[in-house]
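Here's the letter readout for the chains.
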Amino acid sequence: MKLRVIAAGALFFSFFASQVFALDKAAEDLMNAGHFKRARAIAQHRLQANPNDADAFYVLARVNLAQDYLDQAQALAERAIEIAPNSSEAHRVLGESLGLKAIKLNLVTGLAIARRGKKEGELALSLNPQSIDAAEFLASYYNAAPVVAGGGHEKAERMVETIMQLNPSRAY
């Protein structure tokens with residue numbers, strides 16, 4: 001039960017908290033405070049100036065994810081990854097959007113999408129081993145997903161241990 005509470009908290013924080021954020025501080029603060037429309041405006045303004053601004057696409061993906069527009073979040077995260085393939089945060093947001101989409105689909109389709117989401121989360125963590133957000137996403141994924149989709153409580157517990165090493169206050 002405690003692990004499920006931790007995983008639920010991890011999923012919540014992964015939507016709203018970001019350890020590594022390359023966009024300006026104002027957009028980060030706005031998203032962390034739940035002001036997604038204002039963060040969206042900053043990102044859209046940046047895209048007008050530079051249509052290949054990977055960070056702006058990441059912000060828009062994160063905003064859409066928080067507002068449960070999963071298809072848009074996926075497309076925007078994929079665009080950010082096209083521009084900046086080593087963006088851990090964009091891979092994490094893509095993984096989260098895929099994982100949440102998988103929950104809403106039938107078993108066969110959902111399973112394939114869930115596996116891809118897991119792969120994106122693991123890639124995010126490999127690109128930035130210090131990313132607590134990626135570790136929290138994976139802990140949540142491993143806890144919620146069946147073994148056949150790459151989940152499992154033992155994996156979730158190991159990921160919580162990783163979070164404890166990175167930042168003990170975020171593991172509870």
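Residues numbered from 1 in each chain as written. Predicted model: local features only at pLDDT ≥ 70, side-chain atom pairs only at ≥ 80, totals over all residues. Heavy atoms only, no water.

*Asks:* What is the right way to look at the packing of aromatic side chains in this model?
*Replies:* How two aromatic rings sit relative to each other is set out by the distance from centre to centre and by the angle between their planes. Counted according to the given criterion, the structure contains two aromatic pairs. Between the aromatic rings of tyrosine 141 and tyrosine 142, the centroid separation amounts to 6.1 Å while the plane-to-plane angle is 75°, which identifies the pairing as edge-to-face. Grouping residues by exposure puts tyrosine 141 and tyrosine 142 together as buried. Members of the aromatic cluster, joined through ring pairs, are Phe137, Tyr141 and Tyr142. (Phe/Tyr/Trp six-rings, centres within 6.5 Å; stacked < 30°, edge-to-face > 60°. Buried < 20%, exposed > 50% of the residue type's maximum accessible area, 1.4 Å probe, protein only.)

*Asks:* Please explain the packing of helix H6 (residues 88-104) against helix H8 (residues 132-144) as it appears in this structure.
*Replies:* Axes are the key here: two packed helices are described by the angle between their axes and the distance separating the axes. Contact pair H6 / H8: the axes reach a minimum separation of 10 Å and the direction vectors enclose 20°. Overall, the two elements H6 and H8 adopt an arrangement that is roughly parallel. Handedness of the H6/H8 crossing: left-handed. Across the interface between the two elements, Glu89, Arg92, Gly95 and Glu96 of H6 pack against Asp133, Ala134 and Phe137 of H8. The residue makeup of the contact of H6 with H8, split by class, is two nonpolar, one polar and four charged. (Axes fitted to C-alpha atoms, helices over the stretch in contact; angles between N-to-C directions. Helix = DSSP H or I, 4+ residues; strand = E, 2+ residues; numbered from the N terminus. Parallel < 35°, antiparallel > 145°, perpendicular 65-115°, else oblique. Left-handed = near helix turned anticlockwise from the far one by under 90°. Contact = heavy atoms within 4.5 Å. Nonpolar A, V, L, I, M, F, W, Y, C, P; charged D, E, K, R; others polar.)

*Asks:* What exactly am I supposed to notice about the pattern of salt bridges here?
*Replies:* A side chain of one charge can pair with a side chain of the opposite charge if their charged atoms are brought near each other. Under the definition given, this model contains 10 salt bridges. Of the charged contacts in the structure, one is a salt bridge between lysine 104 and aspartate 68, with a shortest N-O distance of 2.9 Å. Of this pair, lysine 104 sits in helix H6 while aspartate 68 is found in the loop between helix H4 (54-66) and helix H5 (70-83), placing the two residues 36 residues apart along the sequence. The network of salt bridges with common partners includes Glu89, Arg92 and Glu96. (Salt bridge = Lys/Arg side-chain N within 4 Å of Asp/Glu carboxyl O.)

*Asks:* Mind showing me how you'd approach the packing of helix H7 (residues 107-127) against H8 here?
*Replies:* Relative orientation of the contacting elements H7 and H8 amounts to 150°, with a least axis distance of 9 Å. Comparing the axis directions of H7 and H8 gives the class roughly antiparallel. For the crossing formed where H7 meets H8, the hand is left-handed. Within the contact between the two elements, H7 uses Ala114, Arg115, Gly117, Lys118, Gly121, Glu122, Ala124 and Leu125 and H8 uses Ala134, Ala135, Phe137, Leu138, Tyr141 and Tyr142.

*Asks:* Could you clarify how one ought to interpret the environment of arginine 116 in this entry?
*Replies:* Inspection of the secondary structure assignment puts arginine 116 in helix H7. The sequence separation of arginine 116 and glycine 95 amounts to 21 residues, and the corresponding C-alpha distance is 7.2 Å. Once you skip the residues sitting within four places of it in the chain, arginine 116 turns out to touch Gln74, Glu78, Leu94 and Leu98.

*Asks:* Help me understand the nonpolar core in this model?
*Replies:* Soluble globular proteins tend to bury their nonpolar side chains together. Ranked by internal contacts, the top residues of the largest apolar core, which has 45 residues, are Val59, Tyr141 and Met159. Put simply, the parts of the chain that give this core at least two residues each are helix H2 (25-32), helix H3 (36-49), H4, H5, H6, H7, H8 and helix H9 (153-166). Filtering out sequence-adjacent residues up to four positions away, tyrosine 141 remains in contact with Ala114, Arg115, Lys118, Ala149, Gly150 and Gly151. (Core = buried A, V, L, I, M, F, W, Y, C linked by side-chain atoms within 4.5 Å.)

*Asks:* Help me understand H5 in this model?
*Replies:* Along an α-helix, residues three or four apart share an orientation, since each turn contains 3.6 residues. In this model, H5 (14 residues) spans 20 Å end to end at C-alpha, consistent with the 20 Å of a helix rising 1.5 Å per residue. Those residues of H5 that sit buried are Leu70, Ala73, Gln74, Leu76, Ala77, Ala80 and Ile81. Here the buried face of H5 lies against H4, H6 and H7. (Expected span 1.5 Å × (residues − 1).)

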